[in-house]
Amino acid sequence: MAAPKRSFSKRSSRLAGLGRRLAAGVAALGLLAVMPAAVQAQSQTKPPAKPQLEGAVQRAARSGQLVLSGFADVPPLMMLSPQGQPSGYGILVAERIAAELSQAVGRPVSVRFAPISDPASLVNSITSGKADLACGLPFSWAVDMQVDFSLPIGLSGVRLLAPNGRFDGSPAALAGRRIGVVRQSLGETELRGMQPKATPVAFDSLKAAVAAMQAGTVEGVIGDTIVLAGLVRQQGLPGLQLSPPFPYEAYAVSCVLAENDSAFRNVVNLAIARLLQGYLDGQPDTVTAVNRWLGPASALGLPESAIRASFEAVLLGVETIRPVLEGQAASTGR
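Calculation notes
- Residues numbered from 1 in each chain as written.
- Predicted model: local features only at pLDDT ≥ 70, side-chain atom pairs only at ≥ 80, totals over all residues.
- Heavy atoms only, no water.
- Buried < 20%, exposed > 50% of the residue type's maximum accessible area, 1.4 Å probe, protein only.
- Helix = DSSP H or I, 4+ residues; strand = E, 2+ residues; numbered from the N terminus.
- Phe/Tyr/Trp six-rings, centres within 6.5 Å; stacked < 30°, edge-to-face > 60°.
- Axes fitted to C-alpha atoms, helices over the stretch in contact; angles between N-to-C directions.
- Parallel < 35°, antiparallel > 145°, perpendicular 65-115°, else oblique.
- Left-handed = near helix turned anticlockwise from the far one by under 90°.
- Contact = heavy atoms within 4.5 Å.
- Nonpolar A, V, L, I, M, F, W, Y, C, P; charged D, E, K, R; others polar.
- Disulfide = S-S within 2.5 Å.
- Pairing = 2+ DSSP bridges.
- Expected span 1.5 Å × (residues − 1).

We now examine helix α10 (residues 225-235). If you check which residues of α10 are buried, you get Thr 225, Ile 226, Val 227, Leu 228, Leu 231 and Val 232. Count one or two residues on from α10 and you reach Gly 236, which has phi positive near 60 degrees.

Written out as structure tokens, the structure reads:
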């Protein structure tokens, strides 16, 4: 079934309500920002990456593989089964990119997940050519000096998890309080910036920080919305709430790829746009695939309206993808 066309007038008529839906969407929808501050600091001190002689499209044509770098324990973005099989929303995005690559190079291309454990090696895996892609990173000017960012795959935000009624969500309420954060994370940076009088208590993971809160070592935990919500659901923790309604800091998350590889970036952006547009157009396979990790029936239980709001926001800056009929050239104008 062909995707329905969206006229300019229909698209424009949605803008009035999009702001309200987007605010709710950002509050609910986080896609796990996996770039800690340590990676950004490393990017500021490293020399510029050398141009690669072989781009990702050429490597895929030669090897039949798209190599995806990332962490193996960051649901719903990426995780490994007991049998070592990768899954998650990041894997779905990579598989759609691999399918687009297959069309470009004229041969099947599969995703090979190359997990890493050291945050500082994430960008290096791309600049060194050991991996073609990493997904789930918030934009950073420092990192952008080393790699190129794709079209966003969704939105994320930093919020506070604490027992019901303990905080009102304002930065002022955090003064003099012990707040758990992941060491060298965006959450730690945000807390230090918005409330210098708070006492950050650093942990190696949000899971450890939440356990410390349950034990009374810290009074709350600041981190990525979706990870915190996932931990609460996974562990069945009662009496907790995320605040404020809108994140302290909201940001888009994207995939990153080697700098100046425009042929591959074109493929990546087109695949991401098709995925998001397919969800908005109600394509059954795409809606099912995205909802498996993010939607109402997933472990996170996000409403489709929140997912749609974030996807619409991402696609506002690009042309709506419409089916190209047989014998009809794709449009190059507006």
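Of the consecutive residues Ser 243 and Pro 244, the connecting peptide bond is found in the cis state with omega at -5 degrees. Tracing the chain through its elements places Pro 244 in the loop between β12 (240-243) and β13 (249-258). Of note, Asn 260 is a non-glycine position whose phi angle comes to about 70 degrees, a positive value. Structurally, the position occupied by Asn 260 is in the loop between β13 and α11 (262-280). The exposure class of Asn 260 is exposed, given its relative accessible area of 67%.

Tallied over the full model, the rule gives three aromatic pairs. Each ring, one from Tyr 279 and one from Phe 311, has its centre 5.5 Å from the other, and the planes form 80 degrees; the classification is edge-to-face. You can see Tyr 279 sitting in helix α11 and its partner Phe 311 sitting in helix α13 (residues 304-315), a full 32 residues away along the chain. Comparing Tyr 279 with Phe 311, the two get one shared label, buried. Ring pairing ties together the aromatic residues Phe 139, Trp 141 and Phe 149, which thus form one cluster.

As a packed pair, α11 and α13 sit with axes 10 Å apart at the nearest point and diverge in direction by 135 degrees. For the element pair α11 / α13, the angle class is oblique. Our pair here, α11 against α13, has a crossing hand that is left-handed. On α13, the residues touching Ala 273, Leu 276, Gln 277, Tyr 279 and Leu 280 of α11 are Glu 304, Ile 307, Arg 308, Phe 311, Glu 312, Val 314 and Leu 315. Taken together, the residues of the contact of α11 with α13 sort by class into eight nonpolar, one polar and three charged.

This part covers the state of the cysteines. Taken as a whole, this structure holds one disulfide when the rule is applied. Between Cys 135 and Cys 255 runs a disulfide, and the two sulfur atoms are separated by 2.1 Å. Since a negative S-S torsion denotes a left-handed disulfide, the Cys 135-Cys 255 link at about 100 degrees is right-handed. Of the two residues, Cys 135 sits in strand β6 (residues 133-138) while Cys 255 sits in strand β13, which places them 120 residues apart along the sequence. Looking at Cys 255, the relative accessible area reads 0%, which means it is buried.

Another point: the environment of Pro 163. Positionally, Pro 163 belongs in strand β8 (residues 154-163). Each C-alpha atom of the pair Pro 163 and Pro 238 lies 8.6 Å from the other, and the pair is 75 residues apart in sequence. Other than its neighbours up to four places away in sequence, Pro 163 contacts Met 213, Glu 219, Gly 239 and Leu 240.

Here we take up the sheet that holds strand β3 (residues 78-80). The strand order across the open sheet formed by three strands is β2-β3-β4, and the pairing between neighbours is antiparallel. The open sheet has two free edges, formed respectively by β2 (73-74) and β4 (86-87), since each of these has just one partner strand. Bridge count for β3 against β4 is two bridges, and the pairing is antiparallel. Within β4, the residue paired with Met 79 across the bridge is Ser 87.

On to α13. Between its first and last C-alpha atoms α13 spans 16 Å; for 12 residues at 1.5 Å apiece the expected length is 16 Å, and the two agree. Within α13 the residues assigned to the buried category are Ala 306, Ile 307, Ala 309, Ser 310, Phe 311, Glu 312, Val 314 and Leu 315.

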